[in-house]
Amino acid sequence: MIIVSAGKAFNDIDAFACALAYRELLMKEGKESVVVFPGPLNHSVTNLAKAQSTDFVVDYVLQSDDRIVYVDLSDPEHFAFGKESESQIDELYDHHYSFESYWQDRLGERSHIERLGAAATLIWEEFAKKSFAQSISAESANLLSIAILQNTLNFTSTETHDRDRVAFVELTMHRSMTDGWEAQYFRECAEGMETNFADALRNDTKKIEHLFENSLFVFSQLEITEEPKAFLEKHNEGILAYWSEFDYAHCLINIADMSSKTSLLFSDNSAWLTETIVPLFSSIVHRGDGWIVVPIHQRKQILKLINTH
Ligand SMILES: [Mn+2]
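Quantities reported herein were computed from a predicted structural model and do not represent experimental measurements.

**Q** Teacher, can you tell me more about the nonpolar core here?
**A** Nonpolar side chains tend to gather and get buried jointly when the protein is soluble and globular. Of all hydrophobic cores here, the largest spans 79 residues; its most connected members are Ala 17, Cys 18, Val 71 and Leu 144. The element best represented in this core is helix α1 (residues 13-28), accounting for 10 residues. Here this core spans two domains, since at least three of its residues come from each of domain 1 (2-186) and domain 2 (197-308). Contacts of Ala 17, omitting those with residues within four sequence positions, involve Ala 120, Leu 143, Leu 144, Ile 146 and Ala 147.

So this is what it looks like as structure tokens:
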């Protein structure tokens, strides 16, 4: 059996859309597959997304003759079936940094890691390459479109590539969502976040070891469409309460606001923020005690800045 999956902890709309659409592509090629998401889906997988498909399972015991396709992920530490599942990987589709050459060496042409706004763009391009673009289902076209919209932060992210824009336009004729779906989608994201802020935060936090010596790096991110300083004030307590679960950690949140195209970075340790995070940015829009506002960045971009600084 082919298993299409992503991370073990939480998966976002990009992973969700890629896996479900890729399952359809495999089906068109006459190959059976199962989509597996063992962890919770985060608040970016809204009702609009779930209305397209929920054709996945949570529990699956990997068999020794299964082959795996991982999407929107290339860091072996986070694979749904663990690092030990590496030898069973057939294909890998991702747009995150750091593991490009690792997978190039191991998978060669079966590793598809490219600098794009959304991994969903790669999956759409696979449909086209394999001549199934014309027969893609409306549900898959809808999902891939939502993922491109969200992962490029409504095309405001500097990670957005022309290929993301082309894919989004090409998908237009295959979509079935009604006018205004983009606004509806972001409204659902905001509502999901407000309804259960603690879970939204928890399910969009990366815990990274060994980046800052022996301290755990707790890096949260929320994508919003409202004034980021007011958002921080509203949720300050909730953020600090969550971070207090971690001992000896450096904690940072990236509140990325698509409307103002800025990122507000907040830490519970103002001195650490000034010393470690501030120097990463050549342009700082505003700053205060424990927070800075910079042009919009995504977490993976900030991680890259930390890694290369
Ligand atoms: Mn992604």
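**Q** Explanation requested: the environment of Phe 37 in the structure shown.
**A** Tracing the backbone shows Phe 37 in the loop between β2 (33-36) and α2 (47-50). Each C-alpha atom of the pair Phe 37 and Ala 19 lies 9.3 Å from the other, and the pair is 18 residues apart in sequence. With residues near it in sequence (within four places) discarded, Phe 37 still touches Ser 5, Ala 6, Asn 11, Phe 56 and Val 58.

**Q** Can you walk me through the packing of helix α4 (residues 119-129) against helix α5 (residues 138-151) in this structure?
**A** For any two helices packed against each other, one specifies the crossing angle of their axes together with the interaxial distance. Direction vectors running N to C along α4 and α5 enclose 145°, while the axes themselves pass 8 Å from each other. Crossing of α4 over α5 shows left-handed handedness. Contacts from Ala 120, Thr 121, Ile 123 and Trp 124 in α4 reach Leu 144, Ala 147, Ile 148 and Asn 151 in α5. Of the residues contributing to the contact of α4 with α5, the split by class is 6 nonpolar, 2 polar and no charged.

**Q** Looking at this model, I keep getting lost on the domain arrangement of the protein. Mind explaining?
**A** How big an interface is tends to be stated in terms of the accessible area lost upon association of its parts. Here the protein is described as being made up of domain 1 (2-186) and domain 2 (197-308). Here the C-alpha centroids of domain 1 and domain 2 sit 26 Å apart. On the side of domain 2, 13 residues touch domain 1, which itself brings 12 residues to the contact. Considering only residue class, the side of domain 1 that touches domain 2 consists of 5 nonpolar, 6 polar and 1 charged.

**Q** Please clarify how the sheet that holds strand β6 (residues 205-212) should be interpreted in this entry.
**A** Strand-to-strand pairing in sheets goes through backbone hydrogen bonds, with the strands running parallel or antiparallel. Pairing is mixed in the open sheet, where 6 strands are placed in the order β6-β7-β8-β9-β11-β10. Only two strands of the sheet have a single partner each, and these edge strands are β6 and β10 (286-288). When strand polarity is set aside, the average angle formed by the axes of neighbouring strands in this sheet is 20°. When strand β9 (residues 262-267) meets strand β11 (residues 291-295), the two strands line up antiparallel, connected through 5 bridges. Counterpart to Ser 263 in the pairing with β11 is Val 294.

Reading the values: the criteria
Residues numbered from 1 in each chain as written. Predicted model: local features only at pLDDT ≥ 70, side-chain atom pairs only at ≥ 80, totals over all residues. Core = buried A, V, L, I, M, F, W, Y, C linked by C-beta atoms within 7 Å. Buried ≥ 20, exposed ≤ 12 C-beta atoms within 10 Å, placed from the backbone. Helix = DSSP H or I, 4+ residues; strand = E, 2+ residues; numbered from the N terminus. Domains from an automatic or database assignment. Contact = placed C-beta atoms within 7 Å. Axes fitted to C-alpha atoms, helices over the stretch in contact; angles between N-to-C directions. Left-handed = near helix turned anticlockwise from the far one by under 90°. Nonpolar A, V, L, I, M, F, W, Y, C, P; charged D, E, K, R; others polar. Pairing = 2+ DSSP bridges.

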